[in-house]
Structures are given as structure tokens and as C-alpha cells.
There are 2 protein chains.
Amino acid sequence: MASGDKPTSFDIAALAGVSQPTVSRALRGDRTVSAATRLRIEAIARQLNYKVDKNASALRRGSTSTLALLFFEDPAPDGSRINPFFLSMLGSILHTCGARGYDLLTSFQQLSADWHVDYEDSRKADGLILLGYGDFDDYSRRLDQLVAQGTHFVRWGSADPAHPGTVIGCDNIAGGRDAGQHLIERGRRGIAFLGDASNHYPESRDRYRGLAQALRMADMPIDPGLQVDALSSEASGYDAARRLIARGIAFDAIFAASDMIALGAVRALVESGRSVPGDVALVGFDDIPAASLAQPPLTTIRQDYARAGELLVDMLIRRINRRDTEPALLPPELVVRKSS
Amino acid sequence: MASGDKPTSFDIAALAGVSQPTVSRALRGDRTVSAATRLRIEAIARQLNYKVDKNASALRRGSTSTLALLFFEDPAPDGSRINPFFLSMLGSILHTCGARGYDLLTSFQQLSADWHVDYEDSRKADGLILLGYGDFDDYSRRLDQLVAQGTHFVRWGSADPAHPGTVIGCDNIAGGRDAGQHLIERGRRGIAFLGDASNHYPESRDRYRGLAQALRMADMPIDPGLQVDALSSEASGYDAARRLIARGIAFDAIFAASDMIALGAVRALVESGRSVPGDVALVGFDDIPAASLAQPPLTTIRQDYARAGELLVDMLIRRINRRDTEPALLPPELVVRKSS
DNA sequence: AAGCGGACAGCATACGTATTCAGACGATGC
DNA sequence: GCATCGTCTGAATACGTATGCTGTCCGCTT
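Predicted, not measured: the structure shown is a model, and the values here were computed from it.

Let's shift gears to the packing of helix 10 (residues 234-247) of chain B against helix 11 (residues 259-271) of chain B. All names here are of chain B. It is at 6 Å that the axes of helix 10 and helix 11 come closest, and there the two elements cross at 45°. When the axes of helix 10 and helix 11 are compared, the pair comes out oblique. By crossing handedness, the relation of helix 10 to helix 11 is classed as right-handed. Between helix 10 and helix 11, the residues in contact are E234, G237, Y238, A241, R242 and I245 and M260, I261, L263, G264, A265, R267, A268, L269 and E271, respectively. Taken together, the residues that form the contact of helix 10 with helix 11 break down as 9 nonpolar, 2 polar and 4 charged.

Below is the structure:
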């Protein structure tokens, strides 16, 4: 080994007086290597600061011990503002990957990019974690392509049976119902919904459906005029709340499809002279870090991002090992703070 | 090529009636391949959905087209809560990596882990981006080790000449001075500082120094009793503010070393019956997303995370290509909102 | 004493790409 | 008509690891 070069398994072998395959086996813990030999090899490897070359190893074994995490979002074309709920999940995913011996390749994708073919085909990762809302027609086509390619993947989202792949998601309908029941218990009668109600955003749609369920159970009418489309951003929430106000229909509560929307709504409400929760009670969704810091602190439906990240990683690893997996629906939790 | 297997450059070669090396050259844009041949090869490659195997490519070339991003932090042992300012930078880093043709391997590290040897030695990445505050003695030792190993790296932090490596950082002294001058202009006289003032956290220390400069320039005294240690978290900020209040020294302004600290301080102040900014004016640092959403919206010193991320990536790529780099000090910007 | 099985280690090779060197071919100059 | 040059392509090989197969040595059985 020339000085300055990284040591290889051949270098270790020469120093230990064995062959290269024996080094490989010893370091991988193969039982056919005697304990004495293994200890000797391990000592030398440590001393030389030898690390297995992951590229050579991956090439030979055909797997990389790496997962790829793909964010993709409609409303953030510059890539600099990632949905805070997803960022929270990132921490948990990183943590779990580390514990399971996987590396994580992280990427932010435009919806237009070729994310559906790039990662596994080029053997950079053994599997994909998909995190994002978005244009669902296109999304669906790409998911089908992933399946056709035999790519291993899991995704966060709604368990729509029309879309393939193992899904980890939150029980959005239950969450919406919880939010609705909470507001009804607080004596609110005109409950508006800020969020998309179409099939393009199934999570948002299901939260609306949950709200509708709660209204029906309380024999309250469902007024379509109290639903305003909004994407998950503060600006969009602000905008939606202003449009709601402009409609002139009376309301005394808002259920927002995400905390970001709720935060924007607070701004619009305060600006219009309405107090929260005095004039309008407000419930968000996600429990992002900013929710508890906002003024007033936001009542919200918490999604368990820590558990979600853990499940996503573990399910993906199961799929990579060709074991069967089934979708998981996590129960949301109502967190009552000052906004309702 | 057996059906179902991923195509290799040999498969393309056979179909195009050329040899494997020609395929490799054609797809890499080598000029020695005639245009006609290249086009034919490209067409076939596209049709078969062929992608270069990154592992084989990396093994042969000795470089991976991958950068590794290492978060490491003292106060977040569970790995689930990453400093929000760093998360903001992540978006920018991801974006820039994509634009430069690099992948990003993301990892959250305990300070105790062997991050300093793992990544480049195992050839998973061509270089390291280090993002974190922390125990500086240990940090420094590890940086030296990186240099000794010849690992390419850049880090975000303070440009302390005692620490090796190319640094991208914010001009913390200028930021602290801006904050101090702003509060002085607002007529405040008792300006407290919440944040570490020791050498273990150079960023925080420099912000305090900047504040001290502003005070001196205004011929105002510097009272050590108005400095309280705090780490960058909401809980620590809350705690520090309570300790400040308990000291019984009069103050009418707080400069917090980070927005997270400032948000905690708001909670403690409101709890103690003090109004912001009426009784106490408050300035934070970072301009994290929650800063503008807080109540009152936080006056703060903005760090340009978008530019920072871009610089970190570009500098690292320069280092990998063995071109010289020099540290960069980004100017902070005072953002006046409602808390001061 | 011959045969047998288990424990261990080495030989050879495959993974898929990128690069060096050499060769083929046609065109040009004298 | 022969040498020369430039353009393009192919043969061979290296990168470092992991694994199937083979071989050796030893202790044990029959």
C-alpha cells in the first residue's frame, strides 16, 4: 500500500498473513473464520483505519444499504421552503435509518423531474421513501411506473386503494371528525373548512369528509359555501380566509387542513378585526413546531411524525427484503390549546 | 440481457453494434465518438431506460458525485428535533446539490459518533458539509483529524482561525452590533443578552461581542449581570429569561442569541406579566420561519440561509476539485417586526 | 490403518464502468 | 504509390469486494 492511499482488504490481508477473502469474511462476521483470525484482522483493520469501500461492496452485492428520500411538492418551486411537517418527519427518518444501518440520500424534486426512474435504476439506493402532496394524476402515473420497474418504495399519504404501493398515513377522516366534534362541543355552529376538497389532495379531502361526518352526527347542515380551497402554506391560508370573509356568510369557527393554513388564517382574521378564539375558533392539522409558538397557541390535530418516520423506514426495509407489508393508518390526536 | 435484469452498457453495445467502451464514451459525451454513433447509442439507452450504475462508476472513477451533510448538535440527543435554522439551510443545500449534479447524503450525528472518519473513508461521499454547534474542544480535535486524513470538507460556523477548514459563516459581530444599535435607537437602556458568552459557542459569543461594541459606541455600561447562558432551544430560552427575571436587575430589552431562545423568552416574559415590546423589547437571531409567525412577530437578525447553502456546496465542490477556497462571511440583515 | 467429516482458508471470478493503448480505416501530401 | 496523419473504435484491464468452489489439515470413527 502506497502511503497516503486508502488501505484495501488486500493490505489488511498481507499484514495479517491471510488472503483477501478471509479478511472480507472476518469483517462481515462470517462464522467460517476462526475467532483468533478474526480478532487479529479486526485489530489490524482498526489500526489502519480501514473502512469497507461501499461502492465496491455495493457493486458486488447488488445492494447499497442506502435509502432515498424524495420530497416533492407543488407549491414550492424554488425548493427552499419544504413543508415543515415533512421536515419534522425527516428527523425521525434520519434517526431510524441510522439505527437500522442505512444511509439516507435526500432529494428535493420538482414534480416534473424524472424522480420515478432515477434512483433505483442507477442503483444509488435500495428503495424510495416518497413524501409529498401534489398533482395526483401525474403522481399516480409515476407510481405505476415504479411498480412496473419493480422499485421498492413506500409513501406517506392517503391509503387510496386506487394508488399502488405500501402507504403509511394518518387517519385523516378521524382527525377531521375529532376537529369537528371539538368545535361543536365548544358551541360553534358555523364551521368553515379551509383546504382543498377535491380528489387531487386526498389528505385534505378526507379531513373535510371527517368534518362533514361530525356535522351530520350533530344534525348540523353542511354548507358548501363555508369550504374554501387552500394549499398548505401560510400565504394560501391567508388568502383563503380573506375569500371566506368576503363571501359574507356567517361563521364562528374554522377548521384548517394544515397548521400553515391556520397560521395564515389567524393573520387574516386579526387583520379583519376578528379575535381568535373569541369571534372565531380555530383548529389546525399537523402540530408543526410553530403551532405551539403561535399567538394564540394553535389547537390542532397532531400527526405522530416520529412514529410515521419509523414506520416508513421499517416498512421499506421489509419490502427490500421481499417480506410482505401492509398499509398503516396512524391515529391522530387532538391537542387543545388556546385558539379554540 | 435476461428480461427483468437492469440493462448494462454491454446490452446497449450489443444492440448498437458497437463495443462497451464506445457506449461509455458516447454517454459521457466524449468527443472521440462520432455524432452518428453517439445519437444511435443515446436512442437505444433511452429506449431501454438505461442508467449508469453509480456504484460501478464510482468504483472505477474513485469519486461518487455525492456530498454528505452532517448535522450534529449537543442538545438534541434524540435526533428528532433539528435546529430550524439548519433545516432551512437544508432546502438550499438540496437545491444547489441538484443544480450541480451532486447527490446529498444526509445524516444526523451524535457528537460521540465516528462521523469524522466514516464518510469519506468508506467512499460514500466526495466531501462533507458540517452543520452544527457543539462542544468545541472535541469538535476541534475531530476537525484536525479530518484535515490529517485529507478529507474535503466545509463547515458552517464562526471563522475562528484556530479551527481548520474552509468556513462559511455569518458576521455575528456585525449582527450583534446591529441588534444593539437598533435597541438603543428605540431608547432602551437595560439590554440583556440571552446566550452563551463563552468560547464553546463562538457564534453566540460573537453576537454578544457585537452587542458590547454597540453599547460602548453609545457610551453605555456593559453589565455582566444582564447576560444569561442559554442554548438554542425554546425551553432553554424560557429558562434563561426566568433566571434573568429572578436576578432582579432592571432591564427593558433582550437580545437573544437565536430566535428559538427569543421565543422561549417571550413565553417567560408574558407569564411574568411583562408585555412585549411595551415593557421589554426583544430581538432574536436567524429569522427562522416561526419568527414571523410568532406573536408578536419577532424582530430579528436574518441570516441568509439560501446563499449560505449555495456557498457551502460550491466551496466544497471547489475543494474536491483541489481548487483553493477562502472563508466567506455573510452580512446579516436586521428585520424589524413588532417585538421591538 | 484407512476412511470420513468438519473447520478453516485460498483460488478464481463476477459485479459494471472508465480508461489506456493499440489498431483500422480513409484521406492527404509528396 | 507510399508514407503520414487524423478520426474513430475495440481489446484489455483496473477499481475493491464478496462468494462458490476447492483444497488442506486435523481429529475421529470403524
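From this point, things continue past the structure.
Looking now at the side chain of T37 of chain B. Residue and element names in this part refer to chain B. Residue position: T37 is located in helix 3 (residues 35-48). For T37, a relative accessible area of 15% puts it in the buried group. Setting aside residues no more than four positions away along its own chain, T37 makes contact with V18 and T22.

Residue and element names in this part refer to chain B. Sheet architecture is open: 6 strands sit in the order 7-6-8-9-10-12, paired in mixed fashion. Of all the strands in the sheet, the pair left with one neighbour each is strand 7 (227-228) and strand 12 (333-335). Strand direction decides the pairing type here: strand 6 (residues 191-194) and strand 7, joined by 2 bridges, are parallel. Bridging from a neighbouring strand, L194 pairs with V228 of strand 7.

Turning to the nonpolar core, a few remarks are in order. If you look at the biggest cluster of nonpolar residues, it comprises 160 residues, and the most contacted ones within it are W156 of chain A together with W156 of chain B. Judged by nonpolar contacts, the second largest core, of 22 residues, contains A68 and L146 of chain A together with L128 and L146 of chain B.

The next subject is the protein's contact with DNA strand C. Neighbouring DNA strand C are 26 residues; T22 and T37 of chain A together with S9, Y50 and R60 of chain B lie closest to it. Between DNA strand C and the protein, one listed contact pairs a phosphate oxygen with a side-chain N or O atom of S9 of chain B at 2.5 Å. Considering only residue class, the surface near DNA strand C consists of 8 nonpolar, 11 polar and 7 charged.

Another point: the packing of aromatic side chains. Aromatic rings in a pair are described by how distant their centres are and how their planes are angled relative to each other. Residue and element names in this part refer to chain A. Scanning the model with the defined rule gives 10 aromatic pairs over all chains in all. Between F255 and F285, the aromatic rings sit 6.3 Å apart at their centres with planes inclined by 40°, giving tilted as the arrangement. Pair noted here: F255 is in strand 8 (residues 253-256) and F285 is in strand 9 (residues 281-286), with a separation of 30 residues, a long-range link. By the burial criterion, F255 is buried, and F285 matches it. Between the NZ or CZ atom of R207 and the centre of the ring of F285, over which it lies, the distance is 3.7 Å. The cationic tip of R267 hangs over the ring face of Y238; the distance from NZ or CZ to the ring centre is 3.9 Å.

Moving on, we get to the domain arrangement of chain A. Residues and elements named next belong to chain A. Structurally, chain A comprises domain 1 (9-52), domain 2 (66-170 + 305-331) and domain 3 (172-302). A C-alpha centroid distance of 28 Å is found between domain 2 and domain 3. The interface of domain 2 with domain 3 comprises 16 residues on the first partner and 16 residues on the second. Here domain 2 and domain 3 share an interface that buries about 1300 Å² over both sides, 56% of which is from carbon and sulfur atoms. Taken together, the links from domain 2 to domain 3 amount to 0 salt bridges. Where domain 2 meets domain 3, there are 1 residue pair in polar contact (both at pLDDT 80 or more). For the side of domain 2 that touches domain 3, the element with the highest residue contribution is helix 5 (residues 84-100), accounting for 3 residues.

Bringing the protein's contact with DNA strand D into the picture now. Among the 26 residues in the neighbourhood of DNA strand D, the closest are listed as S9, Y50 and R60 of chain A together with S19 and T37 of chain B. When atoms of DNA strand D within 4 Å of the protein are sorted by moiety, sugar and phosphate together comprise 57%. Between a base nitrogen of DNA strand D and a side-chain N or O atom of Q20 of chain A, the distance comes to 3.1 Å. Among the elements of the structure, helix 1 (9-16), helix 2 (20-27) and helix 4 (54-61) of chain A together with helix 2 (20-27) and helix 4 (54-61) of chain B are those that each provide at least two residues to the surface near DNA strand D. Grouping the constituent residues of the surface near DNA strand D by class yields 8 nonpolar, 11 polar and 7 charged.

Calculation rules
Residues numbered from 1 in each chain as written. Chains lettered and ligands numbered in written order. Predicted model: local features only at pLDDT ≥ 70, side-chain atom pairs only at ≥ 80, totals over all residues. Heavy atoms only, no water. Axes fitted to C-alpha atoms, helices over the stretch in contact; angles between N-to-C directions. Helix = DSSP H or I, 4+ residues; strand = E, 2+ residues; numbered from the N terminus. Parallel < 35°, antiparallel > 145°, perpendicular 65-115°, else oblique. Left-handed = near helix turned anticlockwise from the far one by under 90°. Contact = heavy atoms within 4.5 Å. Nonpolar A, V, L, I, M, F, W, Y, C, P; charged D, E, K, R; others polar. Buried < 20%, exposed > 50% of the residue type's maximum accessible area, 1.4 Å probe, protein only. Pairing = 2+ DSSP bridges. Core = buried A, V, L, I, M, F, W, Y, C linked by side-chain atoms within 4.5 Å. Near = heavy atom within 4 Å. Polar contact = N/O pair within 3.5 Å; in protein donor to acceptor, adjacent residues only side chain to side chain. Phe/Tyr/Trp six-rings, centres within 6.5 Å; stacked < 30°, edge-to-face > 60°. Lys NZ or Arg CZ within 6 Å of the ring centre and 35° of its normal. Domains from an automatic or database assignment. Buried area = accessible area lost by both parts, 1.4 Å probe. Salt bridge = Lys/Arg side-chain N within 4 Å of Asp/Glu carboxyl O.

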